[in-house]
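Notes for the structure review
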Protein chains: 2
Amino acid sequence: MGARVTMRDVAQAVGMSPMTVSRALREDRTVNAKTRARVRQVADELGYVYDSTAQAFRTQKSGFVAVTLPSVNNANFAETFRALTNGLGAAGLQLLLGSTNYRVEREEELVRQLLTRNPEALVLTGGHHTDEMRKLVQARDLPVIEMWDLPEDPLGHVVGFSNGDAMAHIVNHLVATGRRKLAFVGASEGADMRGAVRRAGVVASARAHGLPEVAMIDAGPAPVSMRHGAAVIEAIGRNVAQYDALVCVSDPVAFGCLSAAQRMGLRVPDDLAITGFGHFEVAKVSNPQITTVNVQADDIGRQVVDLLQGIFDGEVSEPVRVDVGSALVVGETS
Amino acid sequence: MGARVTMRDVAQAVGMSPMTVSRALREDRTVNAKTRARVRQVADELGYVYDSTAQAFRTQKSGFVAVTLPSVNNANFAETFRALTNGLGAAGLQLLLGSTNYRVEREEELVRQLLTRNPEALVLTGGHHTDEMRKLVQARDLPVIEMWDLPEDPLGHVVGFSNGDAMAHIVNHLVATGRRKLAFVGASEGADMRGAVRRAGVVASARAHGLPEVAMIDAGPAPVSMRHGAAVIEAIGRNVAQYDALVCVSDPVAFGCLSAAQRMGLRVPDDLAITGFGHFEVAKVSNPQITTVNVQADDIGRQVVDLLQGIFDGEVSEPVRVDVGSALVVGETS
DNA sequence: TTGAAAGCGTTACCAC
DNA sequence: GTGGTAACGCTTTCAA
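Just so it is clear, the structure is predicted and the values come from calculations on it, not from any experiment.

About the thresholds
- Residues numbered from 1 in each chain as written.
- Chains lettered and ligands numbered in written order.
- Predicted model: local features only at pLDDT ≥ 70, side-chain atom pairs only at ≥ 80, totals over all residues.
- Heavy atoms only, no water.
- Contact = heavy atoms within 4.5 Å.
- Buried area = accessible area lost by both parts, 1.4 Å probe.
- Salt bridge = Lys/Arg side-chain N within 4 Å of Asp/Glu carboxyl O.
- Polar contact = N/O pair within 3.5 Å; in protein donor to acceptor, adjacent residues only side chain to side chain.
- Helix = DSSP H or I, 4+ residues; strand = E, 2+ residues; numbered from the N terminus.
- Buried < 20%, exposed > 50% of the residue type's maximum accessible area, 1.4 Å probe, protein only.
- Pairing = 2+ DSSP bridges.
- Right-handed = clockwise from strand over helix to strand, strands pointing away.
- Domains from an automatic or database assignment.
- Nonpolar A, V, L, I, M, F, W, Y, C, P; charged D, E, K, R; others polar.

In this assembly, 51 residues from chain A lie in contact with 51 residues from chain B. Together, the buried faces of chain A and chain B total about 4,600 Å²; carbon and sulfur atoms form 51% of this surface. The interface formed by chain A and chain B includes four salt bridges. Residues Arg227 of chain B and Glu281 of chain A are paired through a salt bridge, measuring 3.0 Å at the closest nitrogen-oxygen approach. Here chain A is connected to chain B by 23 residue pairs in polar contact (both at pLDDT 80 or more). When contributions to the side of chain A that touches chain B are tallied by element, the ones reaching two or more residues are helix 4 (52–59), helix 5 (75–90), strand 2 (94–99), helix 6 (104–115), helix 10 (226–236), helix 11 (251–263) and helix 12 (281–285) of chain A.

Right under this line is the structure:
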């Protein structure tokens, strides 16, 4: 393996200038069709591989879109990421992914790193950021989209839904079906803002209905999933039936609670209602099916793609705010 | 927002050369401590952001490691990805992710794209590649690791396990517990090599035990998940109990089958055993717990990180082959 | 239809 | 301890 093959090498081999090779490889029509074909062929023979780094450097366009997610190990976020990858990939853009592991502080460091790569846009999950992070982003002339939330004071564009409203759907439904003593099952109070906002949404909605204070069941530090839901309900035991309904922060947690409740002989929803969040696959396949809220993770991704395309095409001047909404999906656990 | 702030601007503001600024920002000890501090401060004041693109260009080191995955929307692959991100992030490396969407042909195009970014290593999921793809990779002097498989003819290093052996664990276990009429539930024959290898593993293992031919239950094109498993069993109906055991390509599929079987009143494992693959969370939390194979997705990620570190430190000369193995996890569905 | 020159921001290498 | 020079591979711009 000698030194890397560059356009100059290809040019030499074809007996033309690097400039012509550059144009030929980009299928520039001002280059003679025959020349183009020959250049292509010689490039292949020499094993030439285009260098995006050099291109990004010269043109000052990286071809990157930076994305932050709490975690890729969550079917909802993974679905949004998939939609982004596919949509932006078609436009020749490559995603640069950073995971915050559900910690707001981590976001700042992450974005700082991502920005050094000169992304052409920044897509953030959630609307809670440190002040430093806000400065960092606003100092740059860079399209920013916050998704999965509807922040009061957005950094730029927004594609999301109201976590509070979404939880209100659940509480309204539970109240309508006669439940009053609610318990919220979620992660410990801490750095996970999404969970905190959902919890607050349940509390506010319960108050509005005049329900007794919502009990808090702590399933451990974020991220919480199936096993944490199951473990915390096992720990509480049959005593958990003192509540009318468990309002869970997500479907996986709800499934864990459901499974544990069933194992200890509780009947769901007769003894206890259980609700989830996010319309994960497990909610539809579980037995009974879990009442949940659909937030359309893939739709969020697609809307972000559309918005970015509009931005890159110069069709978007004002900050855009898209509310994708959320919808109650009544299952068999309530 | 004027033109971007470069080292030259910082240098001018401090009254020194760009070279000194470069060194100062990299904490080069040959630069006076006082100077270093002043440079840092001025850089911050001016809102200077380091340009990795220029660095990557100049040093010919991108700081990227390219990774291909069938999909990030799979808890196992997501877990491996998380381990890679965390491990390599600590070493200052950024992951560049490409998804094949379970199609081998897609891999070639993807790798071609990823290579233009000058990654310092290439991590591929699976050991099945097109010939073009093999050439592409071998033409470059680039560390390559295939993971999640133990290919006969590897491209470079390998960190994985034998899908055939893993399925043999399942079949051995089923035979030992008296099952003989097996059906394999997986994706349609097609571009998903992993599924095909698992299917072949079951067939071979069943033959070795002298079992009747394994029935094939087609859950649709890859990727198949919970809902596909549920749907195909619903379509078959109670007739599915003609088999002793459903050997599923993954835990989510197994959970779908389990759920559908339960809904139609079949008793698992009395009427029918069901096994999964991958030790997903749902296998442990479901009710009954699903018999599965643990392949330690996070361990694969960590081993790849260790191997890459060894490679970058120049401690690895020969191609390495790590078999992380797989272990039967007996649940309550068999 | 093709080519020459210049430069994107950084750092290796040498000089002082 | 600090600075000048050159170069990484590509493309924009202008000229032929």
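Okay, the pairing of strand 6 (residues 182–186) of chain B next. Residue and element names in this part refer to chain B. Counting buried positions along strand 6 gives five out of five residues, so the element sits mostly inside the fold. Alternating residues of strand 6 divide into Leu182, Phe184 and Gly186 and Ala183 and Val185, and every residue in both groups is buried. Two strands pair when backbone bridges link them, and strand 6 and strand 8 (residues 245–248) are joined in this way by four bridges, in the parallel orientation. Within strand 8, the residue paired with Ala183 across the bridge is Leu246. For strand 6 and strand 7 (residues 215–218), the ladder comprises four bridges, and the chain directions are parallel. Residue pairing across strands places Phe184 opposite Met216, the latter belonging to strand 7. Following the backbone out of strand 6, through helix 9 (residues 193–208) and into the adjacent parallel strand 7, one traces a crossover that is right-handed.

Our focus in this paragraph is the domain arrangement of chain A. Residue and element names in this part refer to chain A. Split by domain assignment, chain A resolves into domain 1 (7–50), domain 2 (62–160 + 297–324) and domain 3 (163–294). Computed over C-alpha atoms only, the centres of domain 2 and domain 3 are separated by 29 Å. Across the boundary between the two partners, domain 2 contributes 14 residues, which contact ten residues of domain 3. Here domain 2 meets domain 3 over a buried area of about 960 Å², counting both sides, of which 59% is carbon and sulfur. Area buried by domain 2 at its contact with domain 3 is led by Asn76, Tyr102 and His128, which between them contribute 50% of it. Every element with two or more residues in the side of domain 2 that touches domain 3 is listed here: helix 5 and helix 6. In terms of residue count, helix 5 provides more of the side of domain 2 that touches domain 3 than any other element does, three residues in total. Here the residues of the side of domain 2 that touches domain 3 sort into six nonpolar, five polar and three charged.

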